[in-house]
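Analysis of the macromolecular model
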Amino acid sequence: MQISAKADYAVRALAELAADTGRPLTCEAIATSQDIPFRFLKAVFRDLRQAGLVRSQRGCEGGYWLARDPAETTLADIVVAVDGAFLTLRGERLDDLGYRGPAAGLPGVWRGMEDHVRQVLTSTALSDLVRERLAA
């Protein structure tokens, strides 16, 4: 199983925002702090803004803020915002997957795996990540 770089970067960037809600953070500061390529992170923030997870302000006092409470933003929200789906098989959604013969049961395994991933991601809020970091 593979987690996309886009999903990883998005979660890490929003964790930075959730840890410091008192002021906007620039994309440059987040990229440096999390060792994420700046140009890639700009594209990630575009997706996050379109999904309503962040808001931005231009100018010298500008940057990014969370658009929602970190306790109400799940990792599932973030992954779907940047990837569009939890799991795909060769780029295809698992909805219409079907195999013949001895492999006929395999789509059920893939869907079960997707259900478990969805459960973990929907039960983990952004605030949970920040809380664990602060407790460490």
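I will try to describe carefully the structure that is included in this document. Because the structure is a prediction, the values reported are computed rather than measured.

**Observations concerning helix 2 (residues 27-34)**
Those residues of helix 2 lying buried are C27, I30 and A31. Each buried residue of helix 2 lies within a common arc of 100 degrees when the element is viewed along its axis, so the set occupies one face. Those residues of helix 2 that are buried lie in contact with helix 1 (5-19), helix 3 (38-50) and strand 2 (63-66). D35 occupies a position one or two residues after helix 2 and carries a positive phi of about 55 degrees.

**Topic: helix 5 (residues 106-122)**
Within an α-helix, residues lying three or four positions from one another point in the same direction, as the helix has 3.6 residues per turn. With 17 residues, helix 5 extends 24 Å between its outermost C-alpha atoms, agreeing within 8% with the 24 Å of an ideal straight helix rising 1.5 Å per residue. Where helix 5 is concerned, the buried positions are P107, E114, V117 and L121. Burial along helix 5 is one-sided: seen end-on, the buried residues are contained in an arc of 85 degrees. The exposed residues of helix 5 that point more than 90 degrees off its buried face are H116, Q119 and V120.

**Things to note about the nonpolar core**
One broad rule of soluble globular proteins: the nonpolar side chains tend to lie buried together. Counting 31 residues, the largest nonpolar core has L14, L17, L41, F45, L48 and I78 as its most contacted members. Mapped by element, the contributors of at least two residues to this core are helix 1, helix 2, helix 3, strand 2, helix 4 (75-83), helix 5 and helix 6 (126-135). Per-element accounting of this core gives the leading share, eight residues, to helix 1. Once residues lying within four places of it in the same chain are set aside, the contact partners of I78 are A10, V11, L14, L48, L53, T73 and L126.

Cut-offs used in this document
Residues numbered from 1 in each chain as written. Predicted model: local features only at pLDDT ≥ 70, side-chain atom pairs only at ≥ 80, totals over all residues. Heavy atoms only, no water. Buried < 20%, exposed > 50% of the residue type's maximum accessible area, 1.4 Å probe, protein only. Helix = DSSP H or I, 4+ residues; strand = E, 2+ residues; numbered from the N terminus. Arc of directions from axis to C-beta. Contact = heavy atoms within 4.5 Å. Expected span 1.5 Å × (residues − 1). Core = buried A, V, L, I, M, F, W, Y, C linked by side-chain atoms within 4.5 Å.

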